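An overview of the molecular structure
Chain by chain, the residues:
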Amino acid sequence: MAKITAIANQKGGVGKTTTSVNLSACVAETGKRVLLIDADPQGNSTSGLGIEKDKIANSVYDVIINEVEAKDAILPTVIPTLGIMPSDICLAGAEVELVNMMAREQKLKQAIADVRDDYDYIFIDCPPSLGLITLNALNCADTLLVPIQCEYYALEGLSQLMNTVKLVRKNLNPNLEVEGVVLTMYDARTNLSVQVVEEVKKFFKNKVYDTIIPRSVRLGEAPSFGLPITHYAKNSSGAIAYRALAEEVMGGK
């Protein structure tokens, strides 16, 4: 049965989708069966793995709202053991449509129950908000992975995220654990990056991964080619870092 990890931070621009795509790809490249669920209406994980949004027959929206079977929405990627459940802008309307539904926080959990045994790992790229889509992700996840950028205000809003985790544990998913925190966009040349690393380690203590993702031009370019970093620039600093992160995630923090 797959271990399910939600990748979330309600702050935008923290490397959440970059981490979702490249961590999924690096874990899959070790031979593990991986599913990436793109639960962000922007659909950046979808295009980041080379899926053309205008050619998607079924998306996460159809699975959650229209009760399409999960297996009918999963598409192959350039990596044989990595599948993606794509997203598009329709998902933005799901927040409103879910409000009046019974068991609205359970929809994603119910939807993927039938495919959970087909994978070793399922990663969910959450939207940059703490709405019903993110709650659905946290409700079906075993663990939460939080990307934090090495920039000013990095810790802003994290107490809100942790409060949401507490509420989810209390009311929906008592087994949800914080998997770990991954520091992204690190620039060793700046004092600020070094200070943010220290602050985050004080806040999260032993939950911070040893691997730190550097600020990288190649990581920024890869999505426009629809490729994970290991296929776009396999020897780049970004590729090396995400392979190391994958090893840490698989080894258990």
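These remarks concern the structure in this document. (Residues numbered from 1 in each chain as written. Predicted model: local features only at pLDDT ≥ 70, side-chain atom pairs only at ≥ 80, totals over all residues. Heavy atoms only, no water.)

In this structure, the largest pocket occupies an estimated 440 Å³ of space. Forming the boundary of the largest pocket are 29 residues, of which G15, K16, T17, T18 and M185 lie nearest the centre. Mapped onto the lining of the largest pocket, the elements with two or more residues apiece are α1 (16-28), α2 (44-48), β7 (177-186), β8 (208-214) and α9 (217-221). Here the element with the most residues in the lining of the largest pocket is α1; it accounts for five residues. (1 Å grid on protein atoms, 1.4 Å probe; cavity = no way out; pocket = protein on both sides within 12 Å on 5 of 7 lines; lining within 4 Å. Points joined across faces, edges and corners; volume = space filled by probe spheres on them. Helix = DSSP H or I, 4+ residues; strand = E, 2+ residues; numbered from the N terminus.)

Under the definition given, this model contains twelve salt bridges. When the shortest N-O distance is used, the salt bridge between K16 and D40 registers 3.5 Å. In this pair, K16 sits in helix α1 while D40 sits in the loop between β2 (34-38) and α2, placing the two residues 24 residues apart along the sequence. Residue E69 is joined to K71 by a salt bridge in which the shortest nitrogen-to-oxygen separation is 3.5 Å. Looking at E69, the relative accessible area reads 43%, which means it is partly exposed. What makes K71 exposed here is its relative accessible area of 53%. Overlapping salt bridges, with partners in common, bring together K16, D40 and D125 in one network. (Salt bridge = Lys/Arg side-chain N within 4 Å of Asp/Glu carboxyl O. Buried < 20%, exposed > 50% of the residue type's maximum accessible area, 1.4 Å probe, protein only.)

Let us now look at helix α11 (residues 237-251). Taking 1.5 Å of rise per residue, 15 residues should cover 21 Å, and α11 covers 21 Å from first to last C-alpha, within 8% of that figure. By the burial criterion, the buried members of α11 are G238, A239, A241, Y242, L245, A246, E248 and V249. (Expected span 1.5 Å × (residues − 1).)

Here α1 crosses α11 at 70°, and the two axes come no closer than 9 Å. By the angle between their directions, the pair α1 and α11 is classed as roughly perpendicular. Judged by residue contacts, T18, T19, N22, L23, C26 and V27 of α1 engage Y242, R243, L245, A246, V249 and M250 from α11. (Axes fitted to C-alpha atoms, helices over the stretch in contact; angles between N-to-C directions. Parallel < 35°, antiparallel > 145°, perpendicular 65-115°, else oblique. Contact = heavy atoms within 4.5 Å.)

For sheets, the rule is that strands pair by backbone hydrogen bonds, running either parallel or antiparallel. Spatial strand order, β3-β4-β2-β5-β1-β6-β7-β8: eight strands in an open sheet with mixed pairing. Of all the strands in the sheet, the pair left with one neighbour each is β3 (75-76) and β8. Both β3 and strand β4 (residues 82-85) contribute to a ladder of two bridges, which runs antiparallel. Within the sheet, the bridge partner assigned to L75 lies in β4 and is I84. Each of β6 (143-149) and β7 touches helix α7 (residues 158-171); the most contacted strand, β6, lies at about 175° to it. Packing of helix α8 (residues 191-204) onto the sheet brings it into contact with β6, β7 and β8, and relative to β7 it is tilted by some 175°. (Pairing = 2+ DSSP bridges.)

On to the side chain of D38, then. Among the secondary structure elements, D38 is positioned in strand β2. No salt bridge is formed by the buried D38, whose closest oppositely charged neighbour, K53, lies at an N-O distance of 6.7 Å. Looking at D38, its side chain comes within polar contact range of the main-chain nitrogen of D40, at 3.2 Å. Apart from the residues lying within four places of it in its own chain, the contact partners of D38 are G43, N44, S45, T46, V60, I84, M85, P86, S87, L91 and D125. (Lys, Arg positive; Asp, Glu negative; His and termini not counted. Polar contact = N/O pair within 3.5 Å; in protein donor to acceptor, adjacent residues only side chain to side chain.)

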